[in-house]
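Here is how the chains run, residue by residue.
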Amino acid sequence: MTAPGACPATGVEYLAEVHGGAAASSVFLGGVVAPTRRLALRWLRRQAHRLADALDADPHTTRLPAQALRPTPRTAEHAPAQLRFWAADPDYAEEASDRLAAGYPYRFTAREGPAWYQLTARPLLIPSSSVRPPA
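Residues numbered from 1 in each chain as written. Predicted model: local features only at pLDDT ≥ 70, side-chain atom pairs only at ≥ 80, totals over all residues. Heavy atoms only, no water.

Chemist: Describe the overall build of the chain, naming the residues involved and giving the relevant values.
Modeler: Summing up its helical and strand segments, the chain has three helices and four strands in all. Traced from its N-terminal end to its C-terminal end, the chain shows the element sequence β-β-α-α-α-β-β. Summarising the internal contacts of the chain: among those between residues at least 6 apart in sequence, 60% fall at separations of at least 24. Put simply, the chain shows about 9100 Å² of open surface, and 56% of that area lies on carbon and sulfur atoms. (Helix = DSSP H or I, 4+ residues; strand = E, 2+ residues; numbered from the N terminus. Contact = heavy atoms within 4.5 Å. Areas by Shrake-Rupley, 256 points an atom, 1.4 Å probe, with all protein chains shown as cover.)

Chemist: Describe the pairing of strand β4 (residues 115–127), and please don't skip the residues or the numbers.
Modeler: As paired strands, strand β3 (residues 106–112) and β4 are joined by seven bridges and run antiparallel to one another. Residue pairing for β4: Arg 111 is matched across the bridge by Trp 116. Here β3 folds back onto β4, and the loop between the two strands holds two residues, one of which, Gly 113, carries a positive phi near 60 degrees. (Pairing = 2+ DSSP bridges.)

Chemist: Account for the packing of aromatic side chains, naming residues and giving values.
Modeler: On inspection of all chains with the given rule, the structure shows four aromatic pairs. Through successive ring pairs, a cluster of aromatic residues spans Phe 85, Trp 86, Tyr 92, Tyr 106 and Phe 108. (Phe/Tyr/Trp six-rings, centres within 6.5 Å; stacked < 30°, edge-to-face > 60°.)

Chemist: Summarise empty space enclosed by the protein; cite the residues concerned and give the values.
Modeler: Gaps left between atoms show up when a probe the size of a water molecule is rolled over them. Counting across every chain of the model gives one cavity of 30 Å³ or more. Volume-wise, the largest cavity comes out at about 40 Å³. Lining the largest cavity, in full, are Leu 41, Arg 45, Trp 86, Tyr 92, Ala 93 and Ala 96. If you list the elements that add at least two residues to the lining of the largest cavity, you get α1 (37–55) and α3 (90–101). Looking at the lining of the largest cavity, the element that brings in the most residues is α3, giving three residues. (1 Å grid on protein atoms, 1.4 Å probe; cavity = no way out; pocket = protein on both sides within 12 Å on 5 of 7 lines; lining within 4 Å. Points joined across faces, edges and corners; volume = space filled by probe spheres on them.)

Chemist: Describe in detail the packing of α1 against helix α2 (residues 79–88), supporting the description with residues and values.
Modeler: It is the contact of α1 with α2, at a shortest axis distance of 8 Å, that shows an interaxial angle of 155 degrees. Here α1 lies roughly antiparallel to α2, going by the angle between them. Taken as a pair, α1 and α2 cross one another with a handedness that is left-handed. Across the interface between the two elements, Leu 44, Arg 45, Ala 48, His 49, Leu 51, Ala 52, Asp 53 and Leu 55 of α1 pack against Ala 79, Pro 80, Leu 83, Arg 84, Trp 86 and Ala 87 of α2. (Axes fitted to C-alpha atoms, helices over the stretch in contact; angles between N-to-C directions. Parallel < 35°, antiparallel > 145°, perpendicular 65-115°, else oblique. Left-handed = near helix turned anticlockwise from the far one by under 90°.)

Given below as structure tokens:
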């Protein structure tokens, strides 16, 4: 039974978002509302690859001017590698799906120095008064 004044939830959608930032600031990099947790996580995996490719471009591409890329020392914190690993690891995918199925949010954060990139997904309960009729 629903508490008085409460709106019963009849469905679930999933909000997936990507944020980035450094010590004192953060930036919203994109988001989507997906009808299933599988689609929300698929979108996050694509965003992880997009960020990794933007941060660690292929040095053989012809779209970059000469001397635009320079080698940097590899450290344990390498955000592009962390993002690519997260996107490809089936254990992360299963953990994220299980958390969302249980109604909990999921968050993955990749770090490199002071910079961070965060992938999040959370269930959104749809009140019965706003349920769309089937098409």
